[in-house]
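Summary of structural features
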Amino acid sequence: MATLPRSRSLLVTLSALILLPVVAQAHPGHSMYDFGHGVMHPFNGVDHLLAMFAVGLWAVMLGKRAPWVLPAGFVCCMGIGAVAGALGWAVSGMELAIVLSLLTLGCLIAGSARMSLSWALPLVGLFGVAHGLAHGMEMPATSNGWAYGAGFVVATALLHGAGVLCGLACQRSRQFTLARIAGGLIAGAGVGLALVL
């Protein structure tokens, strides 16, 4: 049985992770009653899935402490945004901010952009707040809403981890172009979502 070269295998894996959820709508109408629904929610929306994956991938490109600091910062800020949204803080333009997160992160990855943590962390944190607000406003005002939120946080961490692992795989195999292609695909998905807003 023939095997794919390592670079092709990585490209197939990255493409599957990035393009598979494109068949899903950004917000197809979700049931949010428990922890399980919260875990599944980010996997049902291409906007959230790609943004969270992109944070992990870009963090590896930045190196040093970024693979831990950026995902942790995103999760914390997303949690703050979710609580604010659940308490009724409505902010107009959140969908646009979420699409902007895809465009920005995708372009940063595609361009192999270098940035200090003092700039990257607030940027990622801002996107985390936007994603959190969007979902906090949808959470039911019950204890199940908090269980849903916990599930969403776990899923977010897993998606960040997937991005970090793919970034590390690209580094180890010296397939830096694959990461840049992934960034281009993420930015392209952002353009596609912007057209349907």
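Residues numbered from 1 in each chain as written. Predicted model: local features only at pLDDT ≥ 70, side-chain atom pairs only at ≥ 80, totals over all residues. Heavy atoms only, no water.

What follows covers the packing of helix α3 (residues 46-62) against helix α8 (residues 176-196). Where α3 meets α8, the axes come as close as 11 Å, and the angle between the chain directions of the two elements is 150 degrees. On the basis of their axis angle, the class for α3 and α8 is roughly antiparallel. Considering the relative orientation of α3 and α8, their crossing is left-handed. In this structure, α3 contributes Val46, Asp47, Leu50, Phe53, Ala54 and Leu57 to the contact, and α8 contributes Ala179, Ala182, Ile186, Ala189 and Leu193. (Axes fitted to C-alpha atoms, helices over the stretch in contact; angles between N-to-C directions. Helix = DSSP H or I, 4+ residues; strand = E, 2+ residues; numbered from the N terminus. Parallel < 35°, antiparallel > 145°, perpendicular 65-115°, else oblique. Left-handed = near helix turned anticlockwise from the far one by under 90°. Contact = heavy atoms within 4.5 Å.)

The end-to-end C-alpha separation of helix α4 (residues 66-86) is 29 Å, in line with the 30 Å expected for 21 residues at 1.5 Å each. Looking only at α4, the buried set comprises Ala66, Pro67, Leu70, Pro71, Gly73, Phe74, Val75, Met78, Gly81, Ala82, Ala84 and Gly85. Directly beyond the C-terminal end of α4, a positive phi value near 100 degrees is found at Gly88. (Expected span 1.5 Å × (residues − 1). Buried < 20%, exposed > 50% of the residue type's maximum accessible area, 1.4 Å probe, protein only.)

Ranked by internal contacts, the top residues of the largest apolar core, which has 37 residues, are Leu50, Trp58, Leu70, Phe74, Ile109 and Ile186. Only α3, α4, α5 (94-110), α6 (117-136), α7 (143-172) and α8 provide two or more residues apiece to this core. The element contributing the most residues to this core is α3, with 13 residues. (Core = buried A, V, L, I, M, F, W, Y, C linked by side-chain atoms within 4.5 Å.)

Its identity is not glycine, yet Lys64 carries a phi of approximately 50 degrees, on the positive side. Within the element layout of this structure, Lys64 appears in the loop between α3 and α4. Residue classification places Lys64 among the exposed residues on the basis of a relative accessible area of 84%.

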